[in-house]
Amino acid sequence: MEFKSVCIIGVGYIGLPTASLFASKGLQVTGMDINAEIINGLKAGRLHIFEPGLGDLFHNALQSGHLAVSTEVVPADVFIIAVPTPFYEDKKADLRAVVSAAESIVPHLQPGNLVILESTSPPRTTMDIVTPILEASGLKAGVDFLLAYSPERVLPGKILQELVANARVIGGVDRASAEAGRDLYRTFVEGEIILTDATTAEMVKLMENTSRDFNIAIANEFARLAQKFDVDIWEAIGIANLHPRVQILQPGVGVGGHCISVDPWFLVEAAPETARLIKTAREVNDAQPAYVTDLVERASNGLEDKIVCQLGLSFKPNVDDLRESPAVRLAQLLTEKGAQVLAYEPFKPDAGIAGIEQVDSLEAALIEADVVLLAVAHDQFRDLKPQEIRGKTQAEVVFDAVRAWDKADWEGAGFRFYGLARKY
Ligand code: SAJ
């Protein structure tokens, strides 16, 4: 099946790269977003997100005439929903964006169209929520139009590479829908394309992120045990991982981002009595910023009136995304304990988060600090030289929460060095 035009609803971290890739392959693409500020910025060539390689791809697609951006849904052969699915305060899935995206397609839906939901969603969303909304058009899913669920599975920081190379699962409401999805994504996907039903594809996506969350939770719990027994967790993990069937992940300040810290809750909400391990893992990871705060407090001999230079606020290294970031939570908790936190986040120097004091240079963060806290292992922080930092701060204490720095080097430069379950 051949499709000539695509309308992508939501031009965020997934929608914008996907739109640019389809356009680069010659399809006629419209990237739609309800946020006029974002669309006006894009029209003027300004991207609202940072992702390696995306700027060039987007600009070329725009210039080629194959990509347009708009605040309105436009008629197309294919509609792709790529909007966020956050959660409410009580951890229940907030599907309002998916619902309104589906509703916005209805007036344009024509027989033979293909609709794809990409947003991570609770099991049965495609069948029980999206299908009835679209069928309000009078057309029937799997009969008059095609409908599939195909989750994005790409890693922020490597989105373009992984969109092309990763295996892609496409779950149709019927076989014809899945096959149509395969024909569409084959335009740029070089990885394997696996066809299944919509609910299986939803479950696959949630299982992937949930298992990663779970594996990080055990790493964080191991770190707490190691701290208790005076063991260096990093040495212990290194040795354990030499076993051919063991692959322990990295402990840290917690799990953030818009995916792994959110998606497991969709399973907990759908079946709370069954998803017990999943819930516990979430709680362990959510408690990690508080655990690290206590360690920093001890290392600093109390936080009251201390100035903490916190390096990094994003949810993981080398990205500009602060959503659900444990590093942000860490800064808040340190502040609650009486510290003045001066946070430096080079990927987003002015995030405007209430209660967080951001500075726009390393020097400004360091100059009056009592404690230097490494919260996110951005490459530029990894590369810092202790001797150079010595000349820029009066701080005596360095706390490396993510094991990016060498203890001996920092001690050699005259700092008292601490970390998460660190001996060496
Ligand atoms: N983290 C650790 N220790 C680790 C690995 C990660 O503490 O060993 C933390 C990170 O610092 C971060 C969080 O976990 O706060 C999540 O980071 P990540 O790199 O594991 O994953 P994301 O959220 O960037 O992307 C994930 C990916 N899913 C899996 O690897 C199963 C990606 O493939 C998905 O497409 C993405 O979620 C998504 O959009 O769902």
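Residues numbered from 1 in each chain as written. Predicted model: local features only at pLDDT ≥ 70, side-chain atom pairs only at ≥ 80, totals over all residues. Heavy atoms only, no water.

1. What to know about the overall build of the protein
Rules: Each helix corresponds to a stretch of at least 4 residues labelled H or I by DSSP, and each strand to a stretch of at least 2 residues labelled E; elements are numbered beginning at the N terminus. When we talk radius of gyration, it's over C-alpha atoms, and the globule rule is simply 2.2 Å times the number of residues to the 0.38. Relative accessibility thresholds used throughout: buried, under 20% of the residue-type maximum; exposed, over 50%; partly exposed, between the two (1.4 Å probe, protein chains only). Only the protein chains shown count as cover for residues, and the accessible areas themselves come from Shrake-Rupley with a 1.4 Å probe. Asp and Glu count as negative and Lys and Arg as positive, but His and the ends of the chain are not part of the count. Think of each charge as sitting on NZ of Lys, CZ of Arg, CG of Asp or CD of Glu.
The helix and strand inventory of the protein stands at 16 helices and 14 strands. In terms of C-alpha radius of gyration, the protein reaches 23 Å, essentially the compact-globule figure of 22 Å for 424 residues. Across its three principal axes, the protein shows a C-alpha extent of roughly 70 × 50 × 40 Å. Each of the 424 residues in the protein was classed as buried or not, and the buried ones make up 53%. Within the structure as shown, the protein displays about 18,200 Å² of accessible surface, and the carbon and sulfur contribution to it stands at 52%. Here the protein holds 39 positive side-chain charges and 58 negative ones, and the gap between their average locations is 4 Å.

2. Here's the deal with the sheet that holds strand β14 (residues 416–419)
Keep this limit in mind: Two strands form a pair only when DSSP identifies at least two bridges running between them. Axis definition: a line fit to C-alpha positions, over the contact stretch in the case of helices; interaxial angles, taken between N-to-C directions, run 0 to 180 degrees.
Spatial ordering of the open sheet is given by β11-β10-β9-β12-β13-β14, a layout of 6 strands whose pairing is parallel. In the strand order of this sheet, the two ends are held by β11 (357–359) and β14, each with one partner. Recorded for the sheet is a direction-independent mean angle of 25 degrees between the axes of neighbouring strands. With 4 bridges joining them, strand β13 (residues 397–400) and β14 adopt parallel strand pairing.

3. Some remarks on the environment of Val341
The line we're drawing: In this analysis, two residues are considered to be in contact whenever any of their non-hydrogen atoms come within 4.5 Å of each other.
Residue position: Val341 is located in strand β10 (residues 340–344). Linking Val341 and Glu363, residues 22 residues apart in sequence, is a C-alpha distance of 14 Å. Excluding anything up to four places from it in sequence, Val341 contacts Val308, Gln310, Ala331, Leu334, Thr335 and Glu357.

4. So, the packing of helix α10 (residues 263–270) against helix α11 (residues 276–299)
As a reminder, the rule being used: Should an angle fall under 35 degrees it is taken as roughly parallel, and over 145 as roughly antiparallel, whereas 65 to 115 is taken as roughly perpendicular and any remaining angle as oblique. Note: crossing handedness is left-handed where the near helix turns anticlockwise from the far helix by less than a right angle, and right-handed where it turns clockwise. Gly counts as polar in this scheme, as do all residues outside two lists: the nonpolar Ala, Val, Leu, Ile, Met, Phe, Trp, Tyr, Cys and Pro, and the charged Asp, Glu, Lys and Arg.
In contact at an axis separation of 9 Å, α10 and α11 are set at 140 degrees when each is read in the N-to-C sense. Considered as vectors, α10 and α11 are oriented oblique to each other. Seen along the crossing, α10 lies across α11 with a hand that is left-handed. Between α10 and α11, the residues in contact are Pro264, Trp265, Leu267 and Val268 and Ile278, Lys279, Arg282 and Asp286, respectively. Across the contact of α10 with α11, the residue classes break down as 5 nonpolar, no polar and 3 charged.

5. Regarding empty space enclosed by the protein
Where we set the bar: Residues are called lining when one of their atoms sits within 4 Å of a cavity or pocket point, these points coming from a 1 Å grid over the protein atoms alone, where a cavity is a set in which a 1.4 Å probe fits but cannot get out and a pocket is an open set with protein on both sides within 12 Å along at least five of seven lines. Grid points are joined across faces, edges and corners, and a volume is the space filled by probe spheres set on the points.
Summed over the entire model, instances satisfying the criterion amount to 1 cavity of 30 Å³ or more. Approximately 60 Å³ is the volume found for the largest cavity. Lining of the largest cavity is provided by Pro151, Glu152, Arg153, Val154, Glu162, Leu163, Asn166, Ala167, Arg168 and Val169. Counting residues per element, the ones that place at least two in the lining of the largest cavity are α6 (159–165) and β7 (168–172). Grouping the amino acids of the lining of the largest cavity by side-chain chemistry returns 5 nonpolar, 1 polar and 4 charged.

6. Quick look at the side chain of His378
Along the chain, the position of His378 falls in the loop between β12 (371–374) and α14 (379–382). On the accessibility criterion, His378 (0% relative accessible area) is buried. Not counting the four nearest positions on each side in its chain, His378 is found in contact with Gly312, Ser314, Lys316, Pro317, Asn318, Val319, Glu345, Pro346 and Phe347.

Note that every value here comes from positions in space, so none of it alone points to a role or purpose.
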